[in-house]
Amino acid sequence: EADIYQTPRYLVIGTGKKITLECSQTMGHDKMYWYQQDPGMELHLIHYSYGVNSTEKGDLSSESTVSRIRTEHFPLTLESARPSHTSQYLCASKGGGSPLHFGNGTRLTVT
Amino acid sequence: GESVGLHLPTLSVQEGDNSIINCAYSNSASDYFIWYKQESGKGPQFIIDIRSNMDKRQGQRVTVLLNKTVKHLSLQIAATQPGDSAVYFCAEIYYGQNFVFGPGTRLSVLP
């Protein structure tokens, strides 16, 4: 079982608020990813990192930002939440030749 | 562009029957393929993988078949059980680190 943790599991927040979704992994993986997923739908890559101080935008345009100050931590921040941000956010990590390991996600609702 | 797509969005099978979930991919450079299972409220979990130099790989009750000629991947689940009900995603990986996910197939197991 992969050790990758996301908090909070559920978040309901009002429009305009700043939020940070947390993601931590204890496997020492260099590569970390954020995906956005509507329930039962495909995954869209929004950010990724190949190591400390390295971050890149993914395929899906996103108003969120990420940082990678420590190997184990890859938080995602929304400066001003909007209803269109309502979705599930999945964090994943990868090391060496291993497959992606996913956390259980944060279900975000913006009212 | 590169894409991975599943032929059927939903699949219903009788408990005890075999299930076959299909996936098409388009990137000839993809050299690694993974099937993930996602249960409600959880992140995708690794099921089985296969490299492009193989055409079949078996796990416990699951078999993945790869046909590079027609760029087709399938997941076979033997003796499907209620616990197999989930959304299944295929993913193709190229250049060792670029993941492309399909839209997902929802498998429902009927009693």
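Residues numbered from 1 in each chain as written. Chains lettered and ligands numbered in written order. Predicted model: local features only at pLDDT ≥ 70, side-chain atom pairs only at ≥ 80, totals over all residues. Heavy atoms only, no water.

## A few points about the overall build of chain B
- Summing up its helical and strand segments, chain B has zero helices and eleven strands in all.
- What you see for chain B is a C-alpha radius of gyration of 13 Å, in line with the 13 Å of a compact globule of 111 residues.
- Scored against the burial criterion, the 111 residues of chain B give a buried share of 44%.
- Across chain B, every contact between residues at least 6 apart in sequence was considered, and the portion connecting residues at least 24 apart equals 53%.
- When the 9 basic and 9 acidic side-chain charges of chain B are each reduced to a single mean position, those positions are 2 Å apart. (Helix = DSSP H or I, 4+ residues; strand = E, 2+ residues; numbered from the N terminus. Rg over C-alpha atoms; globule rule 2.2 N^0.38 Å. Buried < 20%, exposed > 50% of the residue type's maximum accessible area, 1.4 Å probe, protein only. Contact = heavy atoms within 4.5 Å. Lys, Arg positive; Asp, Glu negative; His and termini not counted. Charge placed at Lys NZ, Arg CZ, Asp CG, Glu CD.)

## Comments concerning the interface of chain B and chain A
- If you look at the interface, chain B gives 21 residues, while chain A gives 20 residues.
- Buried area between chain B and chain A, summed over both chains or domains, comes out near 1,500 Å², and the portion from carbon and sulfur atoms is 53%.
- A per-residue breakdown of the area chain B buries against chain A is headed by Gln97(B), Phe99(B) and Phe101(B), which together make up 32% of the total.
- At the junction of chain B with chain A, the criterion picks out zero salt bridges.
- Counting across the interface, chain B meets chain A through four residue pairs in polar contact (both at pLDDT 80 or more).
- Mapped onto the side of chain B that touches chain A, the elements with two or more residues apiece are strand S4 (30-38), strand S5 (45-51), strand S9 (86-94) and strand S10 (98-101) of chain B. (Buried area = accessible area lost by both parts, 1.4 Å probe. Salt bridge = Lys/Arg side-chain N within 4 Å of Asp/Glu carboxyl O. Polar contact = N/O pair within 3.5 Å; in protein donor to acceptor, adjacent residues only side chain to side chain.)

## Remarks on the environment of Val70(B)
Residue and element names in this part refer to chain B.
- Secondary-structure assignment places Val70 in the loop between strand S7 (62-67) and strand S8 (72-77).
- Taking the relative accessible area as the measure of exposure, Val70 reaches 56% and is therefore exposed.
- Each C-alpha atom, one on Val70 and one on Ala91, is 16 Å from the other, the two residues being 21 residues apart in sequence.

## As for the pattern of salt bridges
- Throughout the structure, instances matching the rule amount to six salt bridges over all chains.
- Put simply, Arg82(A) and Glu63(A) hold a salt bridge, and the shortest N to O gap is 2.7 Å. Linking Arg82(A) in the loop between strand S8 (76-78) and strand S9 (87-94) with Glu63(A) in the loop between strand S6 (54-57) and strand S7 (65-66), this pair joins segments that are 19 residues apart in sequence.
- Arg82(A) sits in the partly exposed class, given a relative accessible area of 37%.
- Between Asp84(B) and Arg61(B) there is a salt bridge, and its shortest N-O distance comes to 2.9 Å. In this pair, Asp84(B) is assigned in the loop between S8 and S9 and Arg61(B) in the loop between strand S6 (56-58) and S7, connecting sequence segments 23 residues apart.
- Overall, Asp84(B) belongs to the buried group, its relative accessible area being 7%.

## Considering unusual backbone geometry
- Cis geometry is found at the peptide bond from Thr7(A) to Pro8(A), where omega equals -10 degrees.
- By secondary structure assignment, the location of Pro8(A) is in the loop between strand S1 (4-7) and strand S2 (10-13).
- In this structure, Asn53(A) takes a positive phi of about 65 degrees despite not being glycine.
- Judged by relative accessible area, which is 69%, Asn53(A) ranks as exposed.
- Of note in the backbone geometry, Lys71(B) takes a positive phi value of approximately 55 degrees without being a glycine.
- Mapping Lys71(B) onto the fold places it in the loop between S7 and S8.

## Focus on the pairing of S9(B)
Residue and element names in this part refer to chain B.
- Taken across its nine residues, S9 has nine buried, putting it largely inside the fold.
- Side chains of S9 alternate between two faces, with Ala86, Tyr88, Cys90, Glu92 and Tyr94 and Val87, Phe89, Ala91 and Ile93 buried alike.
- Pairing analysis gives three bridges linking S9 to strand S11 (residues 105-110), with the strands arranged antiparallel. Across the sheet, the residue bridging to Val87 is Arg106, located in S11.
- With four bridges joining them, S9 and S10 adopt antiparallel strand pairing. Pairing of Ile93 across the sheet is with Phe99, part of S10. (Pairing = 2+ DSSP bridges.)

## Here's the deal with the pairing of S5(B)
All names here are of chain B.
- The sheet contact formed by S4 and S5 spans six bridges and is antiparallel. Each residue of the ladder has a partner; that of Tyr36, found in S5, is Phe46.
- The loop that links S4 with its antiparallel partner S5 comprises six residues; one of these, Gly41, has a positive phi angle of about 80 degrees.

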